[in-house]
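For reference, the chains in residue letters:
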Amino acid sequence: MIALLQRVLKASVRVEGALAGQCGPGLLVLFCAEKGDTVELAAKLARKTLGLRIFGDKAGRMNRSVRDAGGSILVVSQFTLAADCSSGNRPSFTGAAAPGDGRALYEAYVEALRSGGLSVETGRFGARMEVSLVNDGPVTIWLRLP
């Protein structure tokens, strides 16, 4: 399971020209479920996302979590994070979870984040989306749980 976290001043996602979700300041999370991932792993990744100390404290040091900072979260599904580019020039996505499993794990991750008490919005699973963001820092953290 992969989550690419970007600390943002603001972020939004549009589907077919219509706003689907937005956040800010807080986190834009690009999420990918892989074959063999579980609901328990989604909950663990959500806890890690909520607790990761990547927001500045009064001294400007990254010492606060999104929860501590009172931020919001936008989660966008992105199976392409599972790309295997080790052979040739065309990525292979065979490591990504099947669409049905991926959707269930995406929804479990989002619900686990929401249980943390923050505002959490989403894109639309499986849709072609336009994502806009203003990265803060820039701070981009890649989380991968086996």
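Along each chain, the written sequence defines residue order, and numbers are assigned to residues from 1. Since the coordinates come from a predicted model, pLDDT governs what is reported: local features require at least 70, and pairs of side-chain atoms require 80 or more to be given and counted, while whole-chain, interface and lining totals use all residues. Processing note: side-chain calculations cover all non-hydrogen atoms of the structure and skip hydrogens and water entirely.

A.B. asks: Got a minute to help me understand the pairing of strand β1 (residues 2–15) in this structure?
C.D. replies: Side-chain positions along a regular strand alternate between the two faces of the sheet. Note on classification: 1.4 Å probe, protein chains only; a residue is buried when its accessible area is under 20% of the maximum for its type, exposed when over 50%, partly exposed between these limits. Segments assigned H or I by DSSP are reported as helices when at least four residues long, segments assigned E as strands when at least two residues long, and all are numbered from the N terminus. In terms of burial, β1 is largely enclosed, as 11 of its 14 residues are buried. Bridge count for β1 against strand β3 (residues 26–32) is 7 bridges, and the pairing is antiparallel. Residue pairing in the sheet places Leu 4 in a bridge with Leu 30 of β3. The pairing criterion for strands is at least two bridges between them, as found by DSSP. Note: β1 against strand β8 (residues 129–144), 13 bridges, orientation antiparallel. The residue bridging Arg 7 from the neighbouring strand is Val 139, located in β8. Bridge count between β1 and strand β2 (residues 18–23): 5 bridges; the pairing is antiparallel. Looking across to β2, one finds that Ala 11 is bridged to Cys 23. Hairpin connection, β1 to β2: the antiparallel pair is bridged by 2 residues, and Glu 16 has positive phi, about 50°.

A.B. asks: Teacher, can you tell me more about the pattern of salt bridges here?
C.D. replies: Proximity of charged atoms lets side chains of opposite charge pair with each other. Salt bridges are counted wherever a side-chain nitrogen of Lys or Arg sits within 4 Å of a carboxyl oxygen of Asp or Glu. Summed over the entire model, instances satisfying the criterion amount to 3 salt bridges. One salt bridge in this structure joins Asp 136 and Arg 7, with 3.3 Å as the shortest N-O distance. Remark: Arg 7 occurs in strand β1 and Asp 136 occurs in strand β8; sequence separation between them is 129 residues. A relative accessible area of 25% means that Asp 136 is categorised as partly exposed. A salt bridge links Glu 111 to Arg 114; its shortest N-O distance comes to 3.0 Å.

A.B. asks: Teacher, can you tell me more about helix α1 (residues 39–51) here?
C.D. replies: For the α-helix, the turn length of 3.6 residues means that residues three or four positions removed from each other point alike. To estimate how far a helix should reach, multiply one less than its number of residues by 1.5 Å. For α1, built from 13 residues, the straight-helix expectation of 18 Å at 1.5 Å per residue is met to within 8% by its first-to-last C-alpha distance of 18 Å. For α1, the set of buried residues is Leu 41, Ala 42, Leu 45, Ala 46, Thr 49 and Leu 50. Close packing links the buried residues of α1 with β1, β3, β6 (72–77), α2 (99–114) and β8. We call two residues in contact whenever any of their non-hydrogen atoms come within 4.5 Å of each other.

A.B. asks: Where do I start with α2 in this structure?
C.D. replies: Between its first and last C-alpha, α2 extends 22 Å over 16 residues, near the 22 Å set by a 1.5 Å rise per residue. Listed as buried for α2 are Gly 102, Leu 105, Tyr 106, Ala 108, Tyr 109, Val 110, Ala 112 and Leu 113.

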